[in-house]
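Each chain is listed here by its residues.
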Amino acid sequence: MLRYSLKRLLSLAISLIIASLVIFLVIEVAPGDPASFMLGMNAQEDTLNALREELGLNQSKLERYLSWTFGMLQGDFGTSYTYRTPVAQMVADRLWVSLPLALYALALSTLIAFPAGIYAASRRGAPGDVAVMGATQLGVAIPNFWFAMILVLVFAINLRWFSAGGFPGWDEGLFTGLKALTLPAIALALPQAAILARVMRSSLLDILNEDFIRTARAKGLSRRQALWRHALRNALIPVLTIIGLQFSFLLAGSIIIEQVFYLPGLGRLVFQSISQRDLIVVESVVMLLVFAVIMVNFIVDLAYAFVDPRLRSRS
Amino acid sequence: MSLLSIQNLDLSIHGNPILNGVSLDLAQGEIVAITGESGSGKSLTAFSVMQLLPRGTVTTGSIKLDGQEVLNAPDPEMCKLRGNDIGMVFQEPMTALNPLKNIGDQVMETILLHTNQSRDEARKRALEVLARVGLPPESYSLSRFPHELSGGQRQRVVIAMAIALRPRLLIADEPTTALDVTTQAQILELLKDLVQDFGMGLLMITHDLAVVSDMADRIVVMRSGEVVETGVTKTLFANMQHPYTRALFAASAHEVNLPKAPEADDALLIVQDAVRDYPKPRTTLFAQREYTRAVNGISFTLHKGERIGLVGESGCGKSTLTRAILGLEPLQGGSIKAFGQEVAPDMPAALRSGLQVVFQDPYGSFNPRHKVARIITEPFHLLDNPPQGLERKNRVSDALLAVGLHPDDADKYIHAFSGGQRQRIAIARALIIRPEVIIFDEAVSALDVSIRAQILDLIAELTQTHDLSYLFISHDLSVVRTITDRVLVMKNGEIVEDGATQQVFTNPSHPYTANLIAAAPTLPDVKALSNVPA
């Protein structure tokens, strides 16, 4: 198990180095000069040069790559071209909204999907299964921004249980913060839950057809016992894969939901930075997201090994 | 009163009748074998006793265990019986165990489910039972996972789970079909011992008449959902009443009429010191790769007209050798020459056209979206000038006729054919290009005995009409014995014996060969039996 973890860790490091190189080079070839963008159309050439010097844009590519990566390792992500504030600070502020939102949504989606998927699989073909599958079909089909707007209409405008948008900050207390994130989390979670429930169901049904389930039944386990004791853990592998993918998506892909609820999250930061050609912010946020995705995959890999003894002993 | 009594069992699945008035009895301490070909309903009869039937099954009649009706009993009641009073062993040991739980937990589960024993007591019992089935705790700790065990060992674990609570009835559904002959012999021996020790009744399902004759006290022969004949094993073999029983026996003992091999010394295929290595998975990223030697310095020559058999147990390297001979994988040492040219993955197509193969699985080895004509003309890709138009059509018709099919079959899809017919199509595909050498890779292993007999006859007939030379790879000794002139016995990547087939079978020189032959179950000598008064 230790060796397996170390191997995964090594491949994680290699992935990060490759990702940082690719991100750096892609942003390098993107057209547009941050200095001229910041100073406007009529800037003098010597002013531009001075600014380029200050931003480090005149250094060689290698020097800039190295100072960027080593800076990041020390927590220094550079200074935003647009706002002249440290990128690290900007990202950290946004992360305090996006990360809890993603985790909240993921928790909701798992809490909905597992019981729904297990229920449907254990009643295959029965009305309960048909109802759950119908609901998930709907969940997959409904766009989450539309669903978000419905939530706002019902729970914020009509019932006035939640505010329609904005984020008061965690200083106002955990409950207030979570309350502000609840509607966006539900809007994000439901479509994900629908997908996850379907994966859970089909994975369970596959496993329930396996020979060892028949063996379990021959030992005297009831259908339900066989499902809980033997099928569920075996069915988890594909489910874990989907959860990993969903978390990555939730962290960065919630831009539309952030817009609907007016949340100061990472998605909006990326969107703004791209439109303002604030490349250093884009670089840093993308790198951070890549880091998050790779970390999540690492955790999912460890979870696989935890679930499956064959993976533990193979390495 | 008998332990198990099945009376007039009818069974249908989604309205299709499968079983029709099946009746049989089994007494305590008795071994009853249900035998028959695929589709006879023998497995469904067994699963009816367990009440583990597919969805949409409707059953009528009666199944009584010690006088208690189990047919259509409510599931909670059946759960109390399963594992406790009825144990079951399955065909496929590789998939019968939960891969994520260790064997201790899986054996203990049966015990904990049905008794009030503590985990410690259950663990003790599990150790005893595993030791009883031949997995002593010194070498097989409870914390082992199924993937760390071989097929035979896994089957022992399955048996341990089934007998942990000393059930009154044990049902074994083709318990040794997926195992090698030596392992099969051990498992059968174990089952026999357990029946004697525990006084259980054993209901055994098997297609193999030789296994039946060694094991069973009584036999039930089934065909298409009906019992055609039943009786005490010796009496039944001595005096087979039903024509189907006789046909089944004849097919099992079938010997083909193999024409004498022509005396020729043109070597078609020369395998010289062939070596095949497989890389093992790397243990660390930068460590030197280690290799497993699957084929270790094998040499033999196939002459024109010769029919060579290659036998050995699973893992002996016969499939690896086959792939190398077909030029699908490169050698790491030695050489393989066909018709004087080197065989390798990059060999010219013309050389490939001389070597054709027939695989084991008649269901998986065809593209279901292609018509038969397209399937069997596939080897024409290997020719520079493939036949076109009328000639192509004639070649297809000839090939189909040669394997006993009709030329019109060329326009059908593969799903229209039975397993035996598909194997004929596979042979037609190999024949159409008129190869010098055909490799039969377990080509009859997946077939029922009566179909197997027909295909073997077909091969024997084709050797006459088409001057075939072939390499016949099989784990089934009785088949190799009848269809080859010379046999190679393979073990751990090496050939341990090479000789004329009859010579090797009657007087093996290597102890491994002798073991294999001794372990293989044999059909009873009917003539000797009928002289003894029943």
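Residues numbered from 1 in each chain as written. Chains lettered and ligands numbered in written order. Predicted model: local features only at pLDDT ≥ 70, side-chain atom pairs only at ≥ 80, totals over all residues. Heavy atoms only, no water.

### Overview of the environment of G199 of chain B
All names here are of chain B. Condition: Strands here mean DSSP runs of E at least two residues long; helices mean DSSP runs of H or I at least four residues long; both are numbered from the N terminus. Whether a residue is buried, partly exposed or exposed follows from its accessible area with a 1.4 Å probe, protein chains only, as a fraction of its type maximum: under 20%, in between, or over 50%, in that order. Pairs of residues are marked as contacts when any of their non-hydrogen atoms sit within 4.5 Å.
Along the chain, the position of G199 falls in the loop between α6 (181–198) and β8 (201–206). A relative accessible area of 24% means that G199 is categorised as partly exposed. Sequence separation between G199 and V271 is 72 residues, and the spatial gap between their C-alpha atoms is 54 Å. Leave out the neighbours within four places in its chain, and G199 touches Q28, G29 and L194.

### Considerations on the sheet that holds strand β20 (residues 494–500) of chain B
Residue and element names in this part refer to chain B. Short version of the rule: One requirement defines pairing of two strands: DSSP has to find at least two bridges between them. For helices, the axis comes from a line fit to the C-alpha atoms of the stretch in contact; other axes are also lines fit to C-alpha atoms, and the angle between any two N-to-C directions lies between 0 and 180 degrees.
Sheet architecture is open: six strands sit in the order β16-β17-β18-β13-β19-β20, paired in mixed fashion. Looking along the sheet, the strands with just one partner apiece sit at the ends: β16 (355–358) and β20. Put simply, the sheet's adjacent strands are angled 20° from each other on average, direction ignored. Both β16 and strand β17 (residues 437–441) contribute to a ladder of four bridges, which runs parallel.

### So, the interface of chain A and chain B
As a reminder of what qualifies: In this description, buried area is defined as the sum, over both parts, of the accessible area (probe of 1.4 Å) that is lost when the two are combined. Salt bridge, as used here, is a side-chain nitrogen of Lys or Arg placed within 4 Å of a carboxyl oxygen of Asp or Glu. Polar contact is defined as a pair of N or O atoms within 3.5 Å, subject to the rule that within protein one atom must be able to donate a hydrogen and the other to accept it, and that residues adjacent in sequence are counted only when both atoms are side-chain atoms. Residues are sorted three ways: Asp, Glu, Lys and Arg are charged, Ala, Val, Leu, Ile, Met, Phe, Trp, Tyr, Cys and Pro are nonpolar, and all the rest, Gly among them, are polar.
Contacts between chain A and chain B engage 25 residues on the former and 31 residues on the latter. Overall, the association of chain A and chain B removes approximately 2,500 Å² of surface from exposure, summing both partners, and the carbon and sulfur fraction of that is 57%. Across the pair D75 of chain B and R217 of chain A runs a salt bridge, and its minimum N-O distance is 3.4 Å. At the boundary of chain A and chain B, one finds 14 residue pairs in polar contact (both at pLDDT 80 or more). Listing elements by their share of the side of chain A that touches chain B, those giving two or more residues are α1 (2–29), α9 (211–218), α10 (223–252) and α14 (309–314) of chain A. Ranked by residues supplied to the side of chain A that touches chain B, first place goes to α9 of chain A with six residues. Here the side of chain A that touches chain B is composed, by residue class, of six nonpolar, seven polar and 12 charged.

### Points about the sheet that holds strand β2 (residues 16–26) of chain B
Residue and element names in this part refer to chain B. Strand order in the open sheet formed by four strands is β2-β1-β4-β5, with antiparallel pairing between adjacent strands. Strands with a single pairing partner mark the edges of an open sheet, and in this sheet they are β2 and β5 (68–69). One ladder, built from seven bridges, connects strand β1 (residues 4–13) with β2; its direction is antiparallel. Opposite S5, over in β2, you have D25 as the bridge partner. Taken strand by strand, helix α1 (residues 42–50) contacts β1, β2 and β4 (57–65), and its axis lies near 110° from that of β1.

### Details of the domain arrangement of chain A
All names here are of chain A. Spelled out, the test is: A domain assignment, automatic or from a database, supplies the domain bounds used here.
Split into domains, chain A comes out as domain 1 (2–73) and domain 2 (93–314). Look at where the C-alpha atoms of domain 1 and domain 2 centre, and you get two points 32 Å apart. Opposite the 18 residues of domain 1 that make contact, domain 2 presents 19 residues. Of the roughly 1,700 Å² buried between domain 1 and domain 2, counting both surfaces, carbon and sulfur atoms make up 80%. Contact with domain 2 buries area across many residues of domain 1, yet Y4, L16 and I27 alone supply 32% of it, more than any other trio. Seen at the junction of domain 1 and domain 2, the total is one salt bridge. Of the charged contacts in the structure, one is a salt bridge between R8 and D301, with a shortest N-O distance of 3.1 Å. Counting across the domain 1 and domain 2 interface gives one residue pair in polar contact (both at pLDDT 80 or more). Secondary-structure elements contributing two or more residues to the side of domain 1 that touches domain 2 are α1, α2 (34–39) and α4 (61–73). Among the elements that take part in the side of domain 1 that touches domain 2, α1 stands out by supplying 12 residues, more than any other. Its residues assigned to classes, the side of domain 1 that touches domain 2 comprises 13 nonpolar, four polar and one charged.

### Considering the pairing of β17 of chain B
Residues and elements named next belong to chain B. Quick reminder of the rule: Place the viewer so that the strands point away; then a crossover is right-handed whenever the path from the first strand over the helix to the second strand goes clockwise.
The buried count for β17 comes to five of five residues, which makes it a mostly enclosed element. For β17 and strand β18 (residues 469–474), the ladder comprises five bridges, and the chain directions are parallel. From the neighbouring strand, D441 faces β18, where its bridge partner is I473. In this region the chain leaves β17, passes through helix α15 (residues 449–466) and returns to the parallel neighbour β18; the handedness of that crossover is right-handed.

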